[in-house]
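The chain contents come next:
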Amino acid sequence: MRFSVDIETNRRAKRYARLRAVVLTPGGRWTAHRKADAVMALAGGVVTRDELQATHNVTSAEIDEWQQAARRYGLPKTVR
């Protein structure tokens, strides 16, 4: 039983690390999928709003719009 818990914890840690790397990589266009990744990372505590703003030069209002759109319309099905 302990072994399966360790595997799940390892998978979750890898998923968070991958999401953090994707969201904090500078450059590129802000596609719907990339915005959804950022919203998920913020909601999950993987990155902070300050980190996102500093890395990508986005405003707090932009991030709020992304979060509002995610609540209203949901996230794309192919979010990483």
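Details of the structure are given in the entry above.
Residues numbered from 1 in each chain as written. Predicted model: local features only at pLDDT ≥ 70, side-chain atom pairs only at ≥ 80, totals over all residues. Heavy atoms only, no water.

## Concerning the nonpolar core
Inside soluble globular proteins, nonpolar side chains tend to come together where they are buried.
Thinking step 1. Residues V23, A41, V47, L52, I63 and W66 are the most contacted members of the largest nonpolar core, which totals 14 residues.
Thinking step 2. Sorting the residues of this core by element identifies helix 1 (2–23), helix 2 (32–43) and helix 4 (60–73) as the ones contributing at least two each.
Thinking step 3. The greatest single-element share of this core, amounting to four residues, is contributed by helix 2.
Thinking step 4. Leave out the neighbours within four places in its chain, and I63 touches L42, R49, L52, Q53 and V58. (Core = buried A, V, L, I, M, F, W, Y, C linked by side-chain atoms within 4.5 Å. Buried < 20%, exposed > 50% of the residue type's maximum accessible area, 1.4 Å probe, protein only. Helix = DSSP H or I, 4+ residues; strand = E, 2+ residues; numbered from the N terminus. Contact = heavy atoms within 4.5 Å.)

## Remarks on unusual backbone geometry
Thinking step 1. A positive phi angle is found at N57, which is not glycine, with a value near 55°.
Thinking step 2. Overall, N57 belongs to the exposed group, its relative accessible area being 69%.

## What to know about the packing of helix 3 (residues 49–56) against helix 4
Thinking step 1. Two elements in contact, helix 3 and helix 4, have axes whose closest approach is 10 Å; the angle formed by their N-to-C orientations is 115°. In terms of crossing hand, the pair formed by helix 3 and helix 4 is right-handed. Along the contact surface, helix 3 presents R49, L52 and Q53, while helix 4 presents S60, I63, D64, W66 and Q67.
Thinking step 2. Its residues placed into classes, the contact of helix 3 with helix 4 shows three nonpolar, three polar and two charged. (Axes fitted to C-alpha atoms, helices over the stretch in contact; angles between N-to-C directions. Left-handed = near helix turned anticlockwise from the far one by under 90°. Nonpolar A, V, L, I, M, F, W, Y, C, P; charged D, E, K, R; others polar.)

## Digging into the pattern of salt bridges
Thinking step 1. Under the defined criterion, the tally for this structure stands at two salt bridges.
Thinking step 2. The closest approach of N and O atoms between E51 and R20, which form a salt bridge, is 2.7 Å. One end of the pair, E51, is in helix 3; the other, R20, is in helix 1, and 31 residues separate them in sequence.
Thinking step 3. Using a relative accessible area of 26% as the deciding quantity, one classes E51 as partly exposed.
Thinking step 4. A residue is classified by how much of its surface remains accessible, and R20, at 32% relative accessible area, is partly exposed. (Salt bridge = Lys/Arg side-chain N within 4 Å of Asp/Glu carboxyl O.)

The values reported here are purely geometric and, on their own, carry no functional implication.
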